[in-house]
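Each chain, letter by letter, is given below.
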Amino acid sequence: MSNDSGALAAAIANNVRAQRAHRRMTLDELAARSGVSRGMLVQVEQARTNPSVTTLARIGDALGVTVARLVEVADTPVVRVVGSAGVVTFQHGEGSARLLVGTDAPAILELWDWRLAQGEHHDGDAHPAGTREMITVIEGELTLTVLGQDYHVRTDEAALFSADRPHRYANGGTSTCRFIMVVTEPAELPDRR
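Residues numbered from 1 in each chain as written. Predicted model: local features only at pLDDT ≥ 70, side-chain atom pairs only at ≥ 80, totals over all residues. Heavy atoms only, no water.

Caption draft 1: Up close: the overall build of the protein. In terms of helices and strands, the protein carries 5 helices and 10 strands. Taken across its 193 residues, the protein has 35% of its residues classed as buried. In the protein, the share of contacts with a sequence separation of at least 24, taken over all contacts with a separation of at least 6, comes to 64%. Accessible surface computed for the protein: about 10600 Å², of which carbon and sulfur atoms make up 53%. (Helix = DSSP H or I, 4+ residues; strand = E, 2+ residues; numbered from the N terminus. Buried < 20%, exposed > 50% of the residue type's maximum accessible area, 1.4 Å probe, protein only. Contact = heavy atoms within 4.5 Å. Areas by Shrake-Rupley, 256 points an atom, 1.4 Å probe, with all protein chains shown as cover.)

Caption draft 2: Representation of the pattern of salt bridges within the structure. For the structure shown, the criterion picks out 7 salt bridges. In this structure, Arg38 and Asp28 form a salt bridge, with 2.8 Å as the shortest nitrogen-oxygen distance. In this pair, Arg38 is assigned in helix α3 (residues 38-45) and Asp28 in helix α2 (residues 27-34), connecting sequence segments 10 residues apart. With relative accessibility at 26%, the residue Arg38 sits in the partly exposed group. (Salt bridge = Lys/Arg side-chain N within 4 Å of Asp/Glu carboxyl O.)

Caption draft 3: Examining the packing of aromatic side chains more closely. Counted by the stated rule, this structure contains 5 aromatic pairs. The interplanar angle of 40° and the centroid separation of 6.3 Å between the aromatic rings of Trp112 and Trp114 together place this pair among those described as tilted. Accessibility classification places Trp112 together with Trp114 in one group, the buried group. Look at Trp114 and Tyr169: their rings are 5.3 Å apart centre to centre, the planes differ by 50°, and that puts the pair in the tilted class. Linking Trp114 in strand β3 (residues 109-116) with Tyr169 in strand β9 (residues 167-170), this pair joins segments that are 55 residues apart in sequence. Taken as a pair, Trp114 and Tyr169 share a single burial class, namely buried. What links up through ring pairs into an aromatic cluster is the set Phe90, Trp112, Trp114, Tyr169 and Phe179. (Phe/Tyr/Trp six-rings, centres within 6.5 Å; stacked < 30°, edge-to-face > 60°.)

Caption draft 4: Representation of the environment of Asn15. With respect to the element layout, Asn15 can be found in helix α1 (residues 3-22). Judged by relative accessible area, Asn15 falls into the buried class, the value being 4%. Separated by 55 residues in the primary sequence, Asn15 and Leu70 have C-alpha atoms spaced 5.4 Å apart.

Caption draft 5: Here's a closer look at unusual backbone geometry. Positive phi is not limited to glycine here, since Ala47 has a value of about 60°. Structurally, Ala47 can be placed in the loop between α3 and α4 (53-63). For Ala47, a relative accessible area of 27% puts it in the partly exposed group. For Leu147, which is not a glycine, the phi torsion comes out positive at approximately 50°. Residue classification places Leu147 among the exposed residues on the basis of a relative accessible area of 64%.

Caption draft 6: Focus on the packing of α2 against α3. Look at α2 against α3: their axes get within 9 Å of each other, and the N-to-C directions meet at 115°. One finds that α2 runs roughly perpendicular with respect to α3. Considering the relative orientation of α2 and α3, their crossing is right-handed. Seen from α2, the contacting residues are Leu27, Asp28, Leu30 and Ala31; seen from α3, they are Arg38, Leu41, Val42 and Glu45. Considered class by class, the residues forming the contact of α2 with α3 number 5 nonpolar, no polar and 3 charged. (Axes fitted to C-alpha atoms, helices over the stretch in contact; angles between N-to-C directions. Parallel < 35°, antiparallel > 145°, perpendicular 65-115°, else oblique. Left-handed = near helix turned anticlockwise from the far one by under 90°. Nonpolar A, V, L, I, M, F, W, Y, C, P; charged D, E, K, R; others polar.)

Caption draft 7: Just α2, in detail. Along α2, the residues that are buried comprise Leu27, Leu30, Ala31 and Ser34. Projected down its long axis, α2 carries its buried residues within an arc of 100°, all on one side. Opposite the buried face of α2, by more than 90 degrees, sit the exposed residues Ala32 and Arg33. Following α2 by one or two positions, Gly35 has its phi on the positive side, about 80°. (Arc of directions from axis to C-beta.)

What follows is the structure in structure tokens.
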């Protein structure tokens, strides 16, 4: 392989492995869904081959991603600036949750800026196993409820918790509560052969 084809094979290997891990899919499961042999998938994930477009399309279809996503050589730029137009805002009542920036597998991270008006709350469903959240309160006081236990996080305080169980963020105070949250999902899980 030339240097260019070696870089492409390495990128494909990384992307296929990351996408499969993100979906908690074994090699055997991916082989069954894609119709690509387990042996070929091993070669692809170890960057020992440059698969054909047909093979990539079958793998991409099974993973629910495009071929373009599988062949991205530069998965994450050294610096990625997200302008205000790129911030996604979810309104809820008078409050909001803004997803400022996030990364894709295998290092899944999200950075959020939350605002809860007086009396508002948000119930969070259990995230995938091993997911953790870190919160720091910028204004007001947040009542964080995990497994039926309330934790009061005040301005300039922080909390870390396992978010793989139902949880609630609530503002029982007399003013707006603003907090910054980082969500991290576990890195690649070992293959369950």
